[in-house]
Amino acid sequence: RYFVGLCVTLNFLDPCYSAVIAGQHRFDLWSAVRLAETFIRTTAICLIVGLTDYGIYGWAASLLIAQTTQLLLMRAVARRLWPTLRGSFGKIRRSAIRELASFGGYLSLNEIVHVLRERSDPLILPYFLGLGANALYFPTLLFANGVRSVTFALSGQVRPMATDYHVNEKERQLKELAL
């Protein structure tokens, strides 16, 4: 109960700073912070869970340490990019929280549907194609997810480049990028 509450709070605060970084088209800094968070999370899990016997509590502490560090790094980078950035709990509006929660619920529902689709396919395929269908499905799914991650990485780099070309009116480079 406490773990989920802390995670939700940190997730609500994260876009306040990551939006500043994205708004300044500094996706390189955003990616560096995410990379640092992944490294910290992996290291913390290996150290806390691997070297102690805290079990699930050590895992939860590792995730909270990594998420808190990511938030602090995002805040530091955002403040560096936009020095006049200020935030306080007094500026939080109840209507904004309600709107964020409803949008977050929609995104969560979308993610759940995606996961259910992937998890239900192995139950349905053998009915139509026989028991061997799952032997073909899982390797194909792993391959598709591998290609999808490369595609997402490339699109994550193309978007800032296209935005930069558009903002700086470099039409020739923008057309080349689009082609």
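Residues numbered from 1 in each chain as written. Predicted model: local features only at pLDDT ≥ 70, side-chain atom pairs only at ≥ 80, totals over all residues. Heavy atoms only, no water.

Undergrad: Which residues make up the overall build of the protein chain, and what are the values?
TA: If you tally the helices and strands in the protein chain, you get six helices and zero strands. For a compact globule of 179 residues, the expected C-alpha radius of gyration is about 16 Å, and the protein chain comes in at 21 Å, more than 25% above that figure. Buried positions account for 18% of the 179 residues belonging to the protein chain. In the protein chain, the proportion of contacts linking residues at least 24 apart, taken out of those at least 6 apart, comes to 59%. Averaged over its 19 positive side-chain charges, the protein chain has a centre that lies 9 Å from the centre of its 12 negative ones. (Helix = DSSP H or I, 4+ residues; strand = E, 2+ residues; numbered from the N terminus. Rg over C-alpha atoms; globule rule 2.2 N^0.38 Å. Buried < 20%, exposed > 50% of the residue type's maximum accessible area, 1.4 Å probe, protein only. Contact = heavy atoms within 4.5 Å. Lys, Arg positive; Asp, Glu negative; His and termini not counted. Charge placed at Lys NZ, Arg CZ, Asp CG, Glu CD.)

Undergrad: Before we move on, can you summarise the packing of aromatic side chains with the specific residues and values?
TA: According to the stated counting rule, one finds two aromatic pairs in the structure shown. Ring centres 5.8 Å apart and planes at 40° place the aromatic pair F3 and W59 in the tilted group. Here F3 is found in helix α1 (residues 2-23), whereas its partner W59 is found in helix α3 (residues 56-81), with 56 residues between them in sequence. Look at W59 and you get partly exposed, because its relative accessible area is 36%. With centroids separated by 5.0 Å and ring planes inclined at 85°, the aromatic side chains of Y127 and F128 adopt a geometry described as edge-to-face. Both residues of the pair, Y127 and F128, count as exposed. (Phe/Tyr/Trp six-rings, centres within 6.5 Å; stacked < 30°, edge-to-face > 60°.)

Undergrad: I'd like to hear about the packing of α1 against α3, residue by residue, with values.
TA: Between α1 and α3, whose axes approach to 9 Å, the crossing angle comes to 20°. Put simply, α1 runs roughly parallel to α3. Judged by the sense of rotation from one axis to the other, the crossing of α1 with α3 is left-handed. (Axes fitted to C-alpha atoms, helices over the stretch in contact; angles between N-to-C directions. Parallel < 35°, antiparallel > 145°, perpendicular 65-115°, else oblique. Left-handed = near helix turned anticlockwise from the far one by under 90°.)

Undergrad: Which residues make up the pattern of salt bridges, and what are the values?
TA: Charged atoms that come close allow side chains of opposite charge to pair. Enumeration over the complete set of coordinates arrives at four salt bridges. Note that R34 is salt-bridged to D14, the shortest N-O span being 3.3 Å. Of this pair, R34 sits in helix α2 (residues 27-51) while D14 sits in helix α1; the two residues are 20 residues apart in sequence, bridging distant segments of the chain. The closest approach of N and O atoms between D28 and R26, which form a salt bridge, is 3.0 Å. Residue class for R26 comes out partly exposed when judged on its relative accessible area of 31%. (Salt bridge = Lys/Arg side-chain N within 4 Å of Asp/Glu carboxyl O.)

Undergrad: So what's going on with unusual backbone geometry? Residues and values would help.
TA: Even without glycine at this site, E169 takes up a positive phi of about 55°. Looking at the secondary structure, you find E169 in the loop between α5 (133-167) and α6 (171-178). What makes E169 exposed here is its relative accessible area of 68%.

Undergrad: Now, about the packing of α2 against α3: what can you tell me, with residues and values included?
TA: Close contact between α2 and α3 brings their axes to 8 Å; oriented N to C, the two are set at 155°. Judged by the inter-axis angle, α2 sits roughly antiparallel to α3. By crossing handedness, the relation of α2 to α3 is classed as right-handed. Contacts between α2 and α3 involve L29, W30, V33, R34, A36, E37, I40, R41, A44, I45, I48 and V49 on the former and, on the latter, G58, W59, S62, L63, I65, A66, T69, Q70, L73, M74, V77 and L81.

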